[in-house]
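# Structural characterization, general
The chain contents come next:
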Amino acid sequence: MKTAFVFPGQGSQKVGMAHAMVASYPWAAEMAAHTDAVLGRKLTEACFVGPEETLKLTINTQPAIFFASALMVEAARRDGVAFDAVAGHSLGEYAALYAAGVAGYDDLLRLVDARARAMETACPAGVGAMSAILNLDRKILEDVCAAASDQGVCVVANYNCPGQLVISGAAAAVAKAGKLASEKGAKRVMPLVVSGPFHSPLMQPARDALAEAVERVTFRDAKVPVYTNVDAAPTTAASDFRRKLLEQLTGSVRWEDTIQQMVADGVGRFVELGSGKVLNGLIKKIAPSAELAAAGDPESFSALLGQAKAAS
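Procedures and definitions
- Residues numbered from 1 in each chain as written.
- Predicted model: local features only at pLDDT ≥ 70, side-chain atom pairs only at ≥ 80, totals over all residues.
- Heavy atoms only, no water.
- Helix = DSSP H or I, 4+ residues; strand = E, 2+ residues; numbered from the N terminus.
- Rg over C-alpha atoms; globule rule 2.2 N^0.38 Å.
- Buried < 20%, exposed > 50% of the residue type's maximum accessible area, 1.4 Å probe, protein only.
- Contact = heavy atoms within 4.5 Å.
- Areas by Shrake-Rupley, 256 points an atom, 1.4 Å probe, with all protein chains shown as cover.
- Expected span 1.5 Å × (residues − 1).
- Polar contact = N/O pair within 3.5 Å; in protein donor to acceptor, adjacent residues only side chain to side chain.
- 1 Å grid on protein atoms, 1.4 Å probe; cavity = no way out; pocket = protein on both sides within 12 Å on 5 of 7 lines; lining within 4 Å.
- Points joined across faces, edges and corners; volume = space filled by probe spheres on them.
- Nonpolar A, V, L, I, M, F, W, Y, C, P; charged D, E, K, R; others polar.
- Pairing = 2+ DSSP bridges.
- Axes fitted to C-alpha atoms, helices over the stretch in contact; angles between N-to-C directions.
- Salt bridge = Lys/Arg side-chain N within 4 Å of Asp/Glu carboxyl O.
- Disulfide = S-S within 2.5 Å.

### So, the overall build of the protein chain
Along the protein chain, the regular secondary structure elements total 14 helices and 10 strands. In terms of overall size, the protein chain behaves like a compact globule, its C-alpha atoms giving a radius of gyration of 19 Å where 312 residues would be expected to give roughly 20 Å. Dimensions of the protein chain along its principal axes, counting C-alpha atoms only, are 55 × 45 × 40 Å. Buried positions account for 54% of the 312 residues belonging to the protein chain. In the protein chain, once contacts between residues fewer than 6 apart in sequence are set aside, the share between residues at least 24 apart is 74%. Accessible area of the protein chain: about 12,700 Å², with a carbon and sulfur share of 52%.

### Section: helix H2 (residues 26-39)
Look at H2: 20 Å from first C-alpha to last across 14 residues, which is about the 20 Å you get at 1.5 Å a residue. Those residues of H2 lying buried are Trp27, Ala28, Met31, Ala32, Thr35, Asp36, Val38 and Leu39. Taken together, the buried residues of H2 touch helix H1 (19-24), helix H3 (43-49), helix H5 (58-78) and helix H7 (105-121). Just beyond H2, the residue with positive phi is Gly40, at close to 75 degrees.

### Some thoughts on the side chain of Thr235
Within the secondary structure, Thr235 is located in strand S8 (residues 234-235). There is a polar contact of 3.4 Å between the side chain of Thr235 and the side chain of Thr228. Within polar-contact distance, the side chain of Thr235 engages the backbone oxygen of Ala233 at 3.2 Å.

### Remarks on the layout of surface pockets
Here the largest pocket defines a volume of roughly 850 Å³. Around the largest pocket sit 32 residues that line it, and Gln10, Gly11, Leu192, Val193 and Val194 are the ones nearest its centre. Across the lining of the largest pocket, the residue classes break down as 14 nonpolar, 14 polar and four charged. Each pocket or cavity is described by its volume, and for the second largest pocket that value is around 320 Å³. Lining the second largest pocket are 23 residues, with Gly274, Ala295, Gly296, Asp297 and Ser300 positioned closest to its centre. Taken together, the elements giving at least two residues each to the lining of the second largest pocket come down to H1, H5, strand S10 (291-295) and helix H14 (298-311). Its residues placed into classes, the lining of the second largest pocket shows 12 nonpolar, eight polar and three charged.

### Quick word on the environment of Pro63
Position of Pro63 among the secondary structure elements: in helix H5. You can call Pro63 buried: its relative accessible area is 0%. Residues Pro63 and Asp113 lie 50 residues apart in sequence; the distance between their C-alpha atoms is 5.7 Å. With residues near it in sequence (within four places) discarded, Pro63 still touches Leu39, Arg41, Leu43, Thr58, Leu109, Val112, Asp113 and Ala116.

### Description of the sheet that holds strand S6 (residues 188-191)
One open sheet holds the four strands; their spatial order is S4-S5-S3-S6, and the pairing between them is antiparallel. The open sheet has two edge strands, strand S4 (154-161) and S6, and neither has a second partner. Averaged over all pairs of adjacent strands, the angle between their axes in this sheet comes to 25 degrees, without regard to strand direction. Contacts from helix H8 (residues 138-148) reach strand S3 (128-134), S4 and strand S5 (164-170) within the one sheet, and its direction differs from that of S4 by about 160 degrees.

### Observations regarding the sheet that holds S10
Across the sheet, which stays open at both edges, the six strands sit in the order S8-S7-S2-S1-S9-S10 with mixed pairing between neighbours. At either margin of the open sheet sits one strand with a lone partner, and together these are S8 and S10. By the bridge criterion, five bridges tie strand S9 (residues 267-273) to S10 in an arrangement that is parallel. Bridge pairing in S10 links Arg269 to Glu291.

### Describing the pattern of salt bridges
Where charged atoms of side chains with opposite charge meet at close range, the side chains can pair. If you walk through the whole model with that rule in mind, you get 16 salt bridges. The salt bridge involving Asp113 is made with Arg117; its shortest N-O contact spans 3.2 Å. A residue pair is termed a helical-turn pair when its members lie 3 or 4 positions apart in one helix, as Asp113 and Arg117 do in helix H7 at four residues. Taking relative accessible area as the criterion, Asp113 reaches 12% and is therefore assigned buried. Salt-bridge contacts for Asp257 lead to Arg254; the nearest nitrogen and oxygen are separated by 3.9 Å. Ionic contacts of the salt-bridge type, sharing partners, join the residues Arg138, Arg254, Glu256 and Asp257 into one network.

### Here's the deal with the state of the cysteines
Within this structure, the stated rule accounts for zero disulfides. Cysteine Cys123 is unpaired, with the sulfur of Cys154 as its nearest cysteine sulfur at 13 Å. Overall, the relative accessible area of 9% leaves Cys123 in the buried class. Free cysteine: Cys161, not disulfide-bonded; nearest cysteine sulfur from Cys145 at 17 Å. On the accessibility criterion, Cys161 (1% relative accessible area) is buried.

Dropping the structure here:
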């Protein structure tokens, strides 16, 4: 049975994340200090002590989540925890690239920082919106988005798991789609508090801005397959990652398809590295028979080491 490392995206952040690791391991404290030095600001302070309002800002959230996940990747490397594949949900894909050896930590940290700034400013406030749609078939919701597109851009941004989808686009179109979704039988429509219409064509300005930063990064072939958001396909060629990272900004996060493909390829165990267990919850609904684990602090990491030794 194959093991995959998976990495959460924006929304998984919480004040205090990564602090226990940094307090427990000297190498982790060095990595935290190095992170702040690379970015030229005290990002890790927002991770460790907040306040929450500061951590929730996209320009802080994205690099903070990447740092927390990359910290766990480093811990796994130091203790020789084996894995066969990786995937990350939206922002989490950058930590997946780090785990797979596609690019170095400093380059990816700077790239995530550039991504956050580009996404924060891509769309004027109030122009775009996102809503979570619960318990509606994906094909019906795709048709709903098409019907609402007379009010502007409206697409399915996240195929998270069966019964949990997210739509994104122009505010008027998303509002209309939410109304239509309710009429079609959606159990709930929840407007999301976000700084922009992520994973929609309205993120094209962010994609253009990120393209310049991506060109400055040297990508290498992946050591293990990276299952990418835009197509749920296992990817290893260095030449593909630059394009797919850009497509991800304006394209859908196909997480349900990704997990299904990983299972079809022999992955039976998923280990979530970083803050929280958001992906564990999604994967349980997509692949109920899969083994799940999560590690984001010394205690859970010790448990992971025990499981890895037992499996070897």
